[in-house]
Amino acid sequence: MSLPQNTGKAAPFPRLSIMLHWIMAALILVMLFVGLFMAHISSIHYAGLFTLHRTVGFLLLLLVVIRLINRFTNRTPPLPADLPSPMKLAAHLSHILLYGFMFALPLVGWAMLSAGGYPITLWGGYHIPPLMGFHPHLWGALRCLHSLLAYGLILLILAHIGAALLHGVIRRDGVMGSMLGR
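Description of the structure in this document. Along every chain, residues carry numbers that run from 1 in the direction the sequence is written. Local features in this predicted model are restricted to residues whose pLDDT is 70 or higher, and side-chain atom pairs enter the listing and the counts only when it is 80 or higher, whereas totals over whole chains, interfaces and linings include all residues. Hydrogens are left out, water is left out, and the side-chain values use all remaining heavy atoms of the structure.

### Topic: the nonpolar core
Okay, step 1: Among buried residues, the Ala, Val, Leu, Ile, Met, Phe, Trp, Tyr and Cys ones that are joined through side-chain atoms within 4.5 Å form a nonpolar core. Per-residue accessibility, obtained with a 1.4 Å probe over protein chains only, is compared with the maximum for each type, and a residue is labelled buried under 20%, exposed over 50%, and partly exposed between these values. Counting residues in each nonpolar core, the largest one holds 32 residues, and the members touching the most others are Met24, Ile28, Leu60 and Leu153.
Okay, step 2: When residues of this core are traced back to their parent elements, those giving at least two are helix 1 (15-39), helix 2 (46-73), helix 3 (85-115) and helix 4 (136-171).
Okay, step 3: Working definition: helices are DSSP H or I runs of at least four residues, strands are E runs of at least two. Numbering for both runs from the N terminus. Of all the elements, helix 3 adds the most residues to this core, at 11 residues.
Okay, step 4: Excluding residues that lie within four positions of it along the chain, Leu153 makes contacts with Ile28, Leu32, Leu98, Phe101 and Leu105. Contact criterion: two residues are considered in contact whenever any of their non-hydrogen atoms come within 4.5 Å of each other.

### Remarks on the pattern of salt bridges
Okay, step 1: Within this document, salt bridges are pairs made up of a side-chain nitrogen of Lys or Arg and a carboxyl oxygen of Asp or Glu, the two lying within 4 Å of each other. Here the structure, examined in full by the defined rule, presents two salt bridges.
Okay, step 2: Close ionic contact of Asp82 with Arg171 constitutes a salt bridge, the shortest N to O distance being 2.8 Å. Taken as a pair, Asp82 in the loop between helix 2 and helix 3 and Arg171 in helix 4 lie far apart in primary sequence, 89 residues in all.
Okay, step 3: A relative accessible area of 41% means that Asp82 is categorised as partly exposed.

### A closer look at the packing of aromatic side chains
Okay, step 1: Pairing of aromatic rings covers Phe, Tyr and Trp, the last through its six-membered ring, and needs centres within 6.5 Å; plane angles under 30 degrees mean stacked, over 60 mean edge-to-face, and all others mean tilted. Scanning all chains against the criterion turns up three aromatic pairs.
Okay, step 2: Centre to centre, the rings of Phe58 and Trp110 are 5.7 Å apart; their planes meet at 80°, and the pair counts as edge-to-face. Of the two residues, Phe58 is situated in helix 2 and Trp110 in helix 3; the sequence distance between them amounts to 52 residues. Side by side, Phe58 and Trp110 carry an identical accessibility label, which is buried.
Okay, step 3: On the basis of an interplanar angle of 55° and a centroid distance of 6.4 Å, the ring pair of Tyr118 and Trp139 is categorised as tilted. Linking Tyr118 in the loop between helix 3 and strand 1 (120-121) with Trp139 in helix 4, this pair joins segments that are 21 residues apart in sequence.
Okay, step 4: The class for Trp139 is partly exposed, based on a relative accessible area of 26%.

Given below as structure tokens:
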């Protein structure tokens, strides 16, 4: 049995969408690796990693808001017409989940730090106001939620990469190339 090979060209994504996608992809990967590393070490480098994690997390929150605005003002190109309906549904649902995770993770992190009474200081000494007051029990629950969301995002990213490879290597329908700017 041979798989269908669609050599048609998918419509390109807008350049701003491509730029935001790849900048955020790189920053999210950095955040996930730094977060995993921070969770398993205690060293003199922890404070610097923590500052990096906080700062990039806040930057990602701003970028996901910009990306959502961009997504609603610059519609994404349609999926290939020959893509089976279940795969189209999976694509739409996975993107909704990705946006949800990209928005929820930094917000939960911000709330977690606020509930723990930790000041949220970015590079340059800029302070972000807390989302709530000191609540140690809530801090613990939010820390657990932040970790669970991070692991969920890792799984979604792996599925996203798998779908990109499916489009680029097996289906060859141009979807992967359209996000690479081709």
